[in-house]
Amino acid sequence: MNLHATAFTTPSTHLPLAVPSPGQTRAAQVMNPLPQPLFVLQPNRRLLFANSCAEQLLTQGRARLRESHLMSLGQLDAPRLGELLQMARLGSSSHTGLWFAPELVTGWLHTSPLAASIAQASDWSEDCLLLSVHLDQPALTQPARIDALTRQCRLSQAERHVLMLLADGDTVEDVAERLGLCVSTVRSHVRNLLGKTQARSLMQLLRWTGSAGALPH
């Protein structure tokens, strides 16, 4: 977001900006050149600043605003973003898996309190929070991604086990046989996985885990 502009436009949102203070201009000079998207928000998801890379996410529809509040980022909806911001407000920084449909671009969201020195220099309140998006980290291993999903989406051990086997290339029938379950039970676990992760399809979910195997039937 160019702080010298009076507004920017997303596909569904016009967000008027106040005239930047000298402190905010200095913050923009520091954060705009950085290669990762950066958002500065209040705990209620109200957007105060987005650097140039973050503005691209908004323009592309990968992040969405409504009445100047961040409503979604990748597959993360407003309630989940609110949870992450409240955790950061209490001092618990987090790394959360991200994916963006339909391109299936993946990455991580780091949520943390904004450095007090930046908040003070920019005339922002001390409770401001920083969201930093790191796109495309193919070096992340499949188990690391599944572990991140398990923590982030509160997967049960059974759901995690099913996901691990599917990501390894097993079919639903293979998973049922290996775990001694009915195929219908495995399919129920798959439905729960899609619901909890907010993935639109099993293909999307397996692509995010780094699986190169064929889509199970």
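This text follows the structure it describes.
Residues numbered from 1 in each chain as written. Predicted model: local features only at pLDDT ≥ 70, side-chain atom pairs only at ≥ 80, totals over all residues. Heavy atoms only, no water.

Draft legend 1. Spatial organisation of the overall build of the chain. When helices and strands are counted, the chain shows nine helices and 10 strands. The buried share among the 217 residues of the chain stands at 47%. Taking contacts inside the chain between residues at least 6 apart in sequence as the whole, the part at least 24 apart equals 54%. Accessible surface, the chain as shown: approximately 10700 Å² in total, 53% of it carbon and sulfur. (Helix = DSSP H or I, 4+ residues; strand = E, 2+ residues; numbered from the N terminus. Buried < 20%, exposed > 50% of the residue type's maximum accessible area, 1.4 Å probe, protein only. Contact = heavy atoms within 4.5 Å. Areas by Shrake-Rupley, 256 points an atom, 1.4 Å probe, with all protein chains shown as cover.)

Draft legend 2. The sheet that holds strand E4 (residues 47-50), seen in detail. In space, the five strands of this open sheet follow the order E4-E3-E10-E9-E8, with antiparallel pairing throughout. Both edges of this open sheet fall to E4 and strand E8 (94-100), since each of them pairs with a single strand only. Geometrically, the sheet is characterised by an average inter-axis angle of 25° between neighbouring strands, direction not taken into account. Taken together, the seven bridges between strand E9 (residues 105-113) and strand E10 (residues 129-135) define a ladder with antiparallel strand orientation. Note on E10: the bridge partner recorded for His110 is Ser132. Taken strand by strand, helix H9 (residues 202-209) contacts E8 and E9, and its axis lies near 130° from that of E8. (Pairing = 2+ DSSP bridges. Axes fitted to C-alpha atoms, helices over the stretch in contact; angles between N-to-C directions.)

Draft legend 3. Geometry of the packing of aromatic side chains. The tally for this structure, following the rule as stated, stands at one aromatic pair. Residues Phe49 and Trp124 carry aromatic rings whose centres are separated by 6.1 Å and whose planes lie at 40° to one another, so their mutual orientation is tilted. With Phe49 in strand E4 and Trp124 in the loop between helix H4 (116-121) and E10, this residue pair connects regions lying 75 residues apart in the sequence. The class of Trp124 is buried, set by a relative accessible area of 9%. (Phe/Tyr/Trp six-rings, centres within 6.5 Å; stacked < 30°, edge-to-face > 60°.)

Draft legend 4. Helix H7 (residues 172-179), seen in detail. Buried residues of H7: Val172, Val175 and Ala176, and no others. The buried residues of H7 occupy an angular sector of 100° when projected down its axis, which confines them to one face. What points out from H7, more than 90 degrees from its buried face, is the exposed set Glu177 and Arg178. Among the structural elements, helix H6 (157-167) and helix H8 (183-197) are those in contact with the buried residues of H7. A positive phi of about 70° marks Gly180, the residue just after H7. (Arc of directions from axis to C-beta.)

Draft legend 5. Region of the structure containing helix H2 (residues 52-59). Every buried residue of H2 is listed here: Ala54, Leu57 and Leu58. Looking straight down H2, one finds its buried side chains confined to an arc of 100°; they lie on one side. Where H2 terminates, the next one or two residues include Gly61, which has phi positive at roughly 80°.

Draft legend 6. How the structure looks around the packing of H6 against H8. It is at 10 Å that the axes of H6 and H8 come closest, and there the two elements cross at 95°. In terms of axis orientation, H6 runs roughly perpendicular to H8. Contacts between H6 and H8 involve Ala158, Glu159, Val162, Leu163 and Leu166 on the former and, on the latter, Val186, His189, Val190, Asn192, Leu193 and Lys196. A per-class count over the contact of H6 with H8 returns seven nonpolar, two polar and two charged. (Parallel < 35°, antiparallel > 145°, perpendicular 65-115°, else oblique. Nonpolar A, V, L, I, M, F, W, Y, C, P; charged D, E, K, R; others polar.)

Draft legend 7. Main features of the side chain of Ser122. Structurally, Ser122 is set in the loop between H4 and E10. What makes Ser122 buried here is its relative accessible area of 1%. Only 2.8 Å separates the side chain of Ser122 from the backbone oxygen of Ile118, close enough to count as a polar contact. (Polar contact = N/O pair within 3.5 Å; in protein donor to acceptor, adjacent residues only side chain to side chain.)

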